[in-house]
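# Structure assessment
Listed here are the chains, written in short residue letters.
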Amino acid sequence: MTQTLAAATMAAYRRAAGCIAVITLTNPPVNTLSYLLRESFYETFRRANADAEVKAIVICGADGKFCGGADIKEFAGKFSGPSLVALIDDVEQSKKPVVAAIEGMALGGGLELALGCHYRIAHTKAQVGFPEVTLGLLPAAGGSQRLPRLITLTSALELITTGRRISAPEALKLGIVDKVTDKNALDMAIDFARDIIGKPLESRRLSLRTTPCPPDVESFLDEALASIRKHSRGAIAPLACLQAVRASVYSTFDEGLKKEQELFKMLLTSGQARALQYSFFAQRATKKWSMPSGATWKNTSARPLRKAAVIGLGTMGRGITVALIKAGIPVIAVEMGLKQLEAGKTVIMSMLEKEFKKKQLTKAYREMAAFTLDLAKLQEVDLVVEAVFENMSLKKQIFQQLSSLCSADAILCTNTSTLDIDEIASVTTTPHLVVGMHFFAPAHVMKLLEVIYGPRTSPTAVATAMQLAQQMEKVGVVVGNCNGFVGNRMFKLYAEQAYFLLEEGAIPEQVDQVLEDFGFPMGIFKVSDLSGLDIEWKIRQEQGLTGPKQIPGGSFRHRAGGRYSPLLDILCERGYLGQKTGQGWYLYEKPGGRVPTFNLWLHKFLEEYRELHGIQKHYVGQDEILERCLYPLINMGFHILEERIAASPEDIDIIYVFGYSWPRHWGGPMFYASMVGLPRVLDKLNYYHEIHPDIPTLEPSSLLKKLVANGSPPIGTWGAFIKEHNSKL
Ligand code: NAI
């Protein structure tokens, strides 16, 4: 196997048009610049340079892909073989003109190599970019020094600090590539190379240039720093990228390279780079789903989907309809009344129009959506997504109807955010075809899709939902059936602690600030105001925690076997539902207002509430806020792993990064726990549980305790640990 790989990895050499050496980077699937490829390239390039008959050199990539960059796996080990910096220097210093023929992509190290070439010819469909920052790194083979010397400082900064990939036509506009063709880029590069033989090359060597700067470069860089600080949400790589680009302005090329290396080493050993790389691999791993029955992504086929239906055109149904149509699947959209149908249709058509303007859709979208009140029209669909109110009896009624109306092999999906999939399936004649597809709002934008299997769900239904996720360009994660599934079950504890903190003495501004400093784009109370407090209120009612169906036996601040905070219910009862009513945890200038301001009423109310219920106010510090909000959520993650509701910590982390805006540079809750150290998480949970014995969810899970007792093994081994630990029971 290693030998086959080694044989496949090479910089192949051939001659074209007599005097042109063509070097083809070959390392499937995307020609990453691994150690073997670098070694081979070093030899091949020297051969081309030494051959007196060769007058120009063209570098291209095998299989229509120039180069996908460095081999990420090498970051974890020791670097060996020739360095990319040295190879690119050889290329740039070559006395013979070197032309990059970019097809497919030139990313990261691939683009750095192309920048070392004297000219760049790209195919129209190729993409270029420096994605290093998204892995917690920076372009460290001269990219941060050469790009600013080639294009404007503004564009270089933007591309390096965001990792945005751009198309070849945009790269041409910015000056990154010299020519773009919709024909064969390699043929064009060979012709071009022949034409420039003998022409002077000095001006084409980017290391010899100075970085062109705007007039007041100092204040330009200061402003850029302020803006990056604001948007990076605590990530250090974008700031390091800025420092590297700054060096290209104030230092010589060699000094700049040195700075680039220093910064790279600092980033490489930081926890953030580890977290981001973990997240990169975790995202890929979610595709390889498995079920306890032994069914996996490998041994199960998905059903083809020709037509789908969506039932309920509220907040979620509208987004789901758009997401399906964007994926090329025609939709029959169903509502319960004419007024709701018309309202849904108007919004959906305008959403589709917007997507069309963004070039995400073709004109045919108008024919892809049909609107009806008649469930009988669903006979011909292959899949239905139900998105009606979160109410079990309503959902059961709908599924019963679907069961008799749809074809016997239609996949029946529910978008419920908390309800039991199996209970819903129980009213159908095809429970094996019932599967949860939990979208996140707005459904046509948010990347996450939790795919939930019940005890009777067939692997085919799961495979079809996962394939649909991919078709909609979403990240699907397969999870088991329990209240709230993975994401909401954990989130409930995060929100609950935030309410308890208010009761104990904190204010929403304080809690939100700590969470935003951690890296969430918005604190929990701002999120609650934005989504509407009534979403959670309705769920609480449905669960019998409050409202007319409240289960008897609890007390005002003690329900369902633990401490309960009725703060959210009280606000909802008074009509304070968040942004839409102009008041929630914060105050807004008007209903529908977006800017949260100090809510004097709430602050007075909290004081009165504490007094009324005899709650001793205490100072709530930053550490307590972060630990009380995050550790119970993490603790629930351990319960979920132990119960095998999630197959791996990676699955939980991906759910949090893509569905709950967990800062990616902290990997996800489970990776974060491993970074903080499991013994610390355990100690803190024990500590808070001792102080608050009436909050049972603060009690550490047995899995967490066992992992700590076994020396806190690395996160990658938890899966095996759980299997072994479960089999011993
Ligand atoms: P919504 O209240 O905005 O919309 C529900 C829609 O269903 C309404 O337009 C209503 O007219 C329609 N409907 C009710 N009964 C119907 C029937 N018999 N036939 C056809 N249409 C019917 O609710 P939303 O927020 O869209 O939630 C829908 C589902 O998605 C719920 O199960 C909810 O828990 C879940 N969900 C909601 C999220 C959110 O952020 N709003 C996120 C993820 C899941």
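Just so it is clear, the structure is predicted and the values come from calculations on it, not from any experiment.

Calculation notes
- Residues numbered from 1 in each chain as written.
- Predicted model: local features only at pLDDT ≥ 70, side-chain atom pairs only at ≥ 80, totals over all residues.
- Pairing = 2+ DSSP bridges.
- Helix = DSSP H or I, 4+ residues; strand = E, 2+ residues; numbered from the N terminus.
- Axes fitted to C-alpha atoms, helices over the stretch in contact; angles between N-to-C directions.
- Parallel < 35°, antiparallel > 145°, perpendicular 65-115°, else oblique.
- Contact = placed C-beta atoms within 7 Å.
- Near = placed C-beta within 6 Å.
- Nonpolar A, V, L, I, M, F, W, Y, C, P; charged D, E, K, R; others polar.
- Expected span 1.5 Å × (residues − 1).
- Buried ≥ 20, exposed ≤ 12 C-beta atoms within 10 Å, placed from the backbone.
- Domains from an automatic or database assignment.
- Right-handed = clockwise from strand over helix to strand, strands pointing away.
- Core = buried A, V, L, I, M, F, W, Y, C linked by C-beta atoms within 7 Å.
- UniProt positions renumbered as here; feature names shortened; annotations may be inferred.
- pLDDT = per-residue confidence, 0-100.

### Overview of the sheet that holds strand E6 (residues 119-123)
Strands sit in the order E1-E2-E3-E4-E6-E9 across an open sheet of six strands; the sheet is mixed. Strand pairing shows two members of the sheet lacking a second neighbour, strand E1 (10-16) and strand E9 (179-181), which therefore form its edges. Neighbour to neighbour, the strand axes of the sheet diverge by 20° on average, direction disregarded. Bridging between strand E3 (residues 56-61) and strand E4 (residues 98-102) involves three bridges; their strand directions are parallel. Directly across from Ile 59, in E4, lies its bridge partner Ala 100.

### Brief notes about the packing of helix H9 (residues 217-231) against helix H10 (residues 237-250)
Interhelical geometry of H9 versus H10 gives an angle of 170° and a closest axis separation of 10 Å. Considering the angle they form, H9 stands roughly antiparallel to H10. For the pair formed by H9 and H10, the contact residues are Val 217, Leu 221, Ala 224, Leu 225 and Ile 228 on the first element and Pro 238, Leu 239, Leu 242, Arg 246 and Val 249 on the second.

### Observations concerning the site of the ligand
Not every one of the 25 residues close to the ligand is listed here, only the nearest: Gly 312, Gly 314, Met 316, Met 336 and Glu 390. Of all elements in the fold, only helix H13 (315-326) and helix H16 (392-405) reach the threshold of two or more residues within the shell around the ligand. For the shell around the ligand, the per-class residue count stands at 14 nonpolar, nine polar and two charged.

### Observations regarding H10
In this model H10 runs 20 Å from its N-terminal to its C-terminal C-alpha over 14 residues, within 8% of the 20 Å that 1.5 Å per residue would give. Within H10, 10 of the 14 residues are buried, leaving the element largely enclosed by the surrounding structure. Buried within H10 we find Ala 237, Pro 238, Ala 240, Cys 241, Leu 242, Ala 244, Val 245, Arg 246, Ala 247 and Ser 248. Buried residues along H10 sit in contact with helix H5 (143-150), helix H6 (153-162), H9, helix H11 (253-268) and helix H12 (271-285).

### So, the domain arrangement of the protein chain
As a measure of interface size, the accessible area lost when the parts come together is often cited. Considered domain by domain, the protein chain is made up of domain 1 (2-268), domain 2 (308-483), domain 3 (506-612) and domain 4 (622-726). Each of domain 2 and domain 4 has a C-alpha centre, and these two points are 32 Å apart. By residue number, the principal contributor to the side of domain 2 that touches domain 4 is strand E17 (residues 475-480), which donates four residues. Of the residues assigned to the side of domain 2 that touches domain 4, the class counts are seven nonpolar, one polar and two charged.

### As for the pairing of strand E16 (residues 448-453)
Of all six residues that make up E16, six are buried, and the element is covered over most of its length. Residue alternation in E16 divides its side chains into two sets, Leu 448, Glu 450 and Ile 452 and Leu 449, Val 451 and Tyr 453, and both sets are buried. Two strands pair when backbone bridges link them, and strand E15 (residues 434-439) and E16 are joined in this way by four bridges, in the antiparallel orientation. Bridging from a neighbouring strand, Met 437 pairs with Val 451 of E16. Taken together, the six bridges between E16 and E17 define a ladder with parallel strand orientation. Considered in E17, the bridge of Val 451 is made with Val 478. Handedness of the E16-helix H18 (residues 459-471)-E17 crossover: right-handed.

### Here we look at the nonpolar core
Residues Val 58, Val 99, Ile 102, Leu 138 and Val 384 are the most contacted members of the largest nonpolar core, which totals 213 residues. A per-element tally of this core places helix H25 (residues 622-642) first, with 10 residues. Residues contacting Ile 102, with those up to four places away along its chain left out, are Phe 66, Ala 114, Arg 120, Ile 121, Ala 122, His 123, Ala 126, Val 128, Val 177 and Ala 185.

### Observations regarding unusual backbone geometry
A cis amide bond links Pro 28 with the next residue in sequence, Pro 29, at an omega value of 5°. Inspection of the secondary structure puts Pro 29 in the loop between strand E2 (20-26) and helix H2 (35-50). Positive phi, normally seen in glycine, also occurs at Asn 31, with a value near 60°. By the element assignment, Asn 31 lies in the loop between E2 and H2.

### Considering the UniProt feature "domain: 3-hydroxyacyl-CoA dehydrogenase NAD binding" (unreviewed entry) in the protein chain
With numbering aligned to this structure, UniProt lists the feature "domain: 3-hydroxyacyl-CoA dehydrogenase NAD binding" (unreviewed entry) at residues 307-481. Along residues 307-481 the backbone is 39% helical and 22% strand, and the end-to-end C-alpha distance reaches 27 Å.

### Re the confidence of the model for the protein chain
If pLDDT is low for a region, its predicted coordinates should not be looked at in detail. Averaged over all residues, the pLDDT of the protein chain equals 95, while 98% of them reach at least 70. Below a pLDDT of 50 lies the segment residues 1-6, which in the model reaches one contact outside its immediate sequence neighbourhood of four places, other chains included. This complex was scored by the predictor with a pTM of 0.91 and an ipTM of 0.99.

### Quick word on the pairing of E4
The buried fraction of E4 amounts to five of the five residues, a majority that puts the element mostly inside the structure. Of the two faces of E4, the one carrying Val 98, Ala 100 and Ile 102 and the one carrying Val 99 and Ala 101 are both buried. Direction of pairing for E4 relative to E6: parallel, over a ladder of four bridges. Bridge pairing in E6 links Ala 101 to Ile 121.

### Looking at the UniProt feature "domain: 3-hydroxyacyl-CoA dehydrogenase C-terminal" (unreviewed entry) in the protein chain
Residues given the UniProt feature "domain: 3-hydroxyacyl-CoA dehydrogenase C-terminal" (unreviewed entry) here are residues 484-588 and 625-712. End C-alpha to end C-alpha, residues 484-588 measures 30 Å, and it is 51% helix and 4% strand. Taken end to end, residues 625-712 comprises 67% helix and 0% strand; its first and last C-alpha atoms sit 25 Å apart.

### Description of the environment of Leu 257
By the secondary structure assignment, Leu 257 is in helix H11. Taking C-alpha positions, Leu 257 is 44 Å from Leu 361, a pair spaced 104 residues apart along the chain. The residues contacting Leu 257, other than those within four sequence positions of it, are Val 85, Gly 142 and Gln 145.

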